[in-house]
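Breakdown of the fold
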Amino acid sequence: MIRFGMTANSVASGVNRRDFLNLVGLGGTASVLAGCGNTSIESGVELVQSYVQPETFVVPGVGVYYASTCTQCGSACGIMGKVREGRILKLEGNPQSAISGGKICGLGQAGIQGHYSPDRLKTPMLKENGVLKATTWEKAMSLLSGTVSFTAQGPRRVVLTGPTSGHLQILLKAMPQSGAATDHVVYDSLSTAVAASVNLKMFGVEQTVGLIDKAGLVLSFGNDFLGAGDSPVAAARQYARFRKAERRGILIQIEPKMTLTGANADRWVVIAPGTEGVLALGLVRELLQRKEFANNLSPNLIAAVEPYNQTEVSHITGVRGDLIPRIAATLWEHSPSLVLAGRYPQGHAHGSHNMAAIALLNVVLQNQGKTLWREAELPFPQMAPALGNFKSLRQLNTQMAAGDVGSMLIYGTNPVYSTPDFMRFADNLQKVPFKAAWVTELDETAMHCDLVLPLMSPLEDFGTHVAAAQSDGMEISIQQPLMEKLHPEARSFGDSLLELLKQAKPESYKSFPDYYAYLKSAVVNAKPAFDPKVEDEEFWENTLSAGVLRRPAALLPLPAIEFSADLVRQPLRESRDAAYPFVLIPAVRPSMRDGKAANLSWLQESPDPLTTVVWDSWAEIHPSTAKQLQVNEGDVLVIKSAQGSIRAKAYLIPGIHPGSVAVPIGQGHESYGRYATNVGVNPFKILDPIFDEETGELALYATRVAIMKTDQNERFTKDEGATNLQQGRKLVATLAADQVDLAKETPFVIR
Amino acid sequence: MKTFSRIVLCLAATLAGVSAAPVVSADAFVQGGPIGSQTSDGYNALGPVVTQPIEFPHNRHAGTRANGGMEIDCLYCHTYARRSAVSGIPRLSKCIGCHNMIESVKEKPRIKTLLAYWDRREAIPWKKVHDLPDFVRFNHERHIQRFIFDQGRPSREACGYCHGDVASMTTARRVKAISMGWCVSCHEKEHRIDAVSFKTGHGPNDCWQCHH
Amino acid sequence: MSLDNLISNWSKLRVRRPQVDQYKDSPYKWAMVIDLDSCTGCNACTTACYAENNLPVVGKKRFLEGQAMHWLRIERYWGEGEESTQEFPEQGAAFLPMMCQQCESAPCEIVCPVGATHHTPDGLNSQVYNRCIGSRYCSANCPYKVRYFNWYNYPESAWPSPLELQLSPDVTVRSKGVMEKCTFCVQRLTEAKSKARTEKRNVQDGEVVTACAQACPTSAIHFGNIADSSSTVAKMWKAQQVELSADKQKKDMKHEKMPAASEVASGVGASVEAEKLRGYRVFEELRTYPSVVYLERIRSGEV
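Analysis parameters
Residues numbered from 1 in each chain as written. Chains lettered and ligands numbered in written order. Predicted model: local features only at pLDDT ≥ 70, side-chain atom pairs only at ≥ 80, totals over all residues. Helix = DSSP H or I, 4+ residues; strand = E, 2+ residues; numbered from the N terminus. Buried ≥ 20, exposed ≤ 12 C-beta atoms within 10 Å, placed from the backbone. Contact = placed C-beta atoms within 7 Å. pLDDT = per-residue confidence, 0-100. Nonpolar A, V, L, I, M, F, W, Y, C, P; charged D, E, K, R; others polar. Pairing = 2+ DSSP bridges. Axes fitted to C-alpha atoms, helices over the stretch in contact; angles between N-to-C directions.

For chain B, the helix and strand inventory stands at ten helices and two strands. Going from N to C terminus, chain B has its helices and strands arranged as α-α-α-α-α-α-α-α-α-β-β-α. Among the 212 residues that make up chain B, the fraction classed as buried is 32%. When contacts within chain B are restricted to residue pairs at least 6 apart in sequence, long-range pairs at least 24 apart make up 62% of them.

Laid out in structure tokens, this is it:
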């Protein structure tokens, strides 16, 4: 790539850098949009790009890359921003990051649109008579100062955030410690807390590291690692190596609705929602019949899997009986294998049991120490990510309803949008006397707050991020501004936190004029762990230039843990409720996640990979279900749960269990900028109050619904043409794996 | 009918370039015409007078000694031109680098304005004199590399092909047509590729070189 | 390319088919290899294309009218034949990243009434916006349907301030009435070639890639110069035995002449059958001579 080398010396700090990052009003931006309609030559009208005293590497018309970190999801990919004439033009992956390896996903690319969004919040807003009106930071800070109390008495003062890590996480932890708040609640509507709890019980750690590229076969129970997974770019890079291995890796995906990962499987197996654990136990039973595996389990566990014979498993899961011994045989033949579990098996009342049964396969196959590891020790454990869950928000919600919460400071999460109606979160929020939100755009939660504060975009702010379950050494990802802030009133959340902490504990924080100073001092203090020989200033500049602090570190073995057979116990077969015959699958889209990215027009117009639908919500049903309901594509359906109903057009897709209907998450915003509002529906709203019995997490895939056909039919806004079949044309040709020898192909580097 | 007018404009310019090419002398490219007159290459190309924030005397800096100039090379100040597609404008600190030292003129009105910008650390809002339509991408770097560094021509001559004899002006003014036909008339001519060999070549004549 | 150049070299510029070794003496012939076994259909490349090439977002209504402006799209297929035979897609979905194939004998070029699209010396199919009058013949004649027409003046509506600050100054923002399409990121190629010429050398392998290839998380898109036989892409074309100037590849003819079952049993031609090469070009039989080679996706039938 051109000018990657620039990052090495384009270290950026201080006044000169500001001069470069400043959007020089004197530059040719005025005519950016003139386009080729502008044939006029307007000598003497436009201004020339003019600098006072730029760094030597600054050349007008030549882009410079600055390293930073993507904050679009939690994977902390290293990115680089191409900066020219004070504007960020494009984001790329940072090759120095072991997570992104110089690659970047669509969600990451679109981060730049959030920065330049026309609907950014520009000033602090204060609610007066129910309407948000512009106010000043002075007024806002004096109101916020009122929330800082030094007694443990009285109502709770809560800081509610989305998942965080790095130094922001340290400051957030300090909030309750310093008395500036009573609680820090971390909420993630799409949390993997069930998996974490099961991992802890079976492998002794919350986060295991699965190495896809070290496996000969990956058996994935609804883990969308290539799409909406925990770290899609890192996983996709591993997947590429897995497919190009000397013996090409095989992917088997088992899930009720096809994910992007499922679309890439050698064998995609549809399963009745929630019965993944039963199939896993059936496979365990099958494997135990081989002498190699017979001694891997305790007698209790062997007895526990005994009832799951082929007939029984096939009956419950709907998976063809003969497939079970075949999958078991392939697992053996292509060892080492890796068994992954994703969101689908977690999202049930027996989610923990489902996940444990799947994890049991890894135990039986003895994948620990081969494809399944524990991540290396993070040198600064206080920076480890707080991943968040649903249970703590539910507890908070109860406290709010009881009037026990006096104030709430909200950052990086939008619970009014992402909580089901049965929680009445928005109503309960009104019972909190003072609530403030830091946002870049007015979302649903901000609209319910008394004070709303304009946040810097992630491309304007400093920060540090640590990814969970890193597989290649330990990396702290550094976030730095790629551009001077667009809106002068916007501030960093770190600065607001620091100001509150200064009031609570002046002696600890008074030496830091701002969050930048705090961060710099903290990073420089970490120098001995990384590069003890250089000067402080040089270390800081090197760190910003590289965008990552890396330490090679070997993965650690998972401890052997005794666990009871009760962990993998599967529920008795539920009887179907005749009033609600279908299971609702709120599908997580790689580009939309929990709806945070719905305000980015590139992603709205980026077709969903499987349906190719854009700018909309839809209800995916199997053609056989459609036939039974006499539904055609585009027929508007009412999807009704016991909690409420949503309307969406029917999309007929073969990759779904006939007993379910899938509606994607992410759309249906009532407030979140021009591109997100009035688009589609929000399936979160109609979820049933069903929770995982062990962890109390919301069961995302357990809601039962009825489908009613209306007499409306609308055309789909989608990219596919009249047919989705190749009709004999050689468009995407497929070869059987045994007909090709990949070793004879030209080798190339997979980053 | 915007699209139609556009294509007419392009074709007309092309035809003009073709017919004009044979009669143009090399000197015409170097010298430009005297300000206020029609240029010798047949184009009435004189641009508007552009009022700049400081009436910068190019003649004083780059003009000949005989005319009271200091014969400073164009590229001494316009240093970005050899490294980038756009030449930009010299950074303010470049001006200050010399003018901080030159006590004798510090009280002159133009220098006082310059120093005032520096004291405020404010970039000078210079106006563009040679503007191109937004669908045209001219590359300064390539032309400078070819004519100055490969062929060893003096920068006053090489820059002058397009900018005219700026060294004789105060603030610059456009004296060449800078239209497509005018560009092509030069690109169609064979030039020696460098100072030593007799091999010749001409500029690219592919549309996509400049229009993408 | 001036008009007289166009007229006097009419036959040369409007080649009917590429010659063998057409680019033997040229420094560049840009080409691609897209590995459909690595492509996951994730849309990272398509978004990168929006970011790199100033593509407008058209919105729901215009997308519905088929006026999307995505130069690169991912096509998704469920089956190869005329009818869907399986109840469930047991081998997943089939994804095809489809962009301008930079045909050597491009159907679009010969129908343009004003020479706004023509072949460049680098073997690219150019689109000159300021020359285009919007007849849309090129789009009608394109078998890949990868040309996109500006039905609206997107500069007025697609980038509400300050979104326009993201626009790349190296790429013209197209206005109403002109056709546009994938350029293989010609702005990057021009820049790399310029840098190489200043340094008196040719562009080296890996020095420049398109935005889609750079973003692709699985490295499924390979971009390079097949005039340089040492480049990765040239080696891949060679290894897959795809000849730029052929409308039917020798290796495919070998397969067509495949012996009857009896001969296979006797061992004749069995080696050919055992290992197939994955490279092919889409609609090669239309004699467009595309510059993009796709590698067949692989599925294991073990389970």
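Moving on: the confidence of the model for chain B. Residues and elements named next belong to chain B. Confidence in the prediction of chain B, expressed as mean pLDDT, is 79, and 79% of residues score 70 or more. The model gives residues 1-42 a pLDDT under 50, and that stretch makes 66 contacts with residues more than four places away or in other chains. For this predicted complex, the interface score ipTM comes out at 0.93, while the overall pTM is 0.91.

A word on the interface of chain A and chain C. With 85 residues of chain A at the interface, the matching set in chain C holds 88 residues. Considered class by class, the residues forming the side of chain A that touches chain C number 43 nonpolar, 23 polar and 19 charged.

This next bit is on the pairing of strand β18 (residues 474-479) of chain A. All names here are of chain A. Of all six residues in β18, six are buried, a share of seventy percent or more. Neither face of β18 is exposed, since Met474, Ile476 and Ile478 on one face and Glu475, Ser477 and Gln479 on the opposite face are all buried. Looking at chain direction, β18 and strand β19 (residues 548-551) are connected through four bridges and run antiparallel. The residue of β19 that forms the bridge with Glu475 is Arg550.

Turning our attention to the pairing of strand β24 (residues 660-664) of chain A. Residues and elements named next belong to chain A. Among the five residues in β24, five count as buried, and that is most of the element. Alternating residues of β24 divide into Ser660, Ala662 and Pro664 and Val661 and Val663, and every residue in both groups is buried. Direction of pairing for strand β20 (residues 582-587) relative to β24: parallel, over a ladder of five bridges. Paired with Val583 across the strands is Ser660, a residue of β24.

Bringing the environment of Asp692(A) into the picture now. Residue and element names in this part refer to chain A. Following the sequence through the fold, Asp692 ends up in the loop between β24 and β25 (704-713). Overall, Asp692 belongs to the buried group, with 27 C-beta atoms counted inside 10 Å. Linking Asp692 and Pro433, residues 259 residues apart in sequence, is a C-alpha distance of 32 Å. Contacts of Asp692, omitting those with residues within four sequence positions, involve Val194, Ala349, Gly351, Ser352, Glu697 and Ala699.

Residue and element names in this part refer to chain A. Pairing is antiparallel in the open sheet, where three strands are placed in the order β17-β18-β19. Strand pairing shows two members of the sheet lacking a second neighbour, β17 (463-466) and β19, which therefore form its edges. On average, each strand axis in the sheet is inclined to that of its neighbour by 20°, with strand direction left out of account. Sheet strands in contact with helix α6 (residues 166-178) are β17 and β18, and its direction is about 95° off that of β17.

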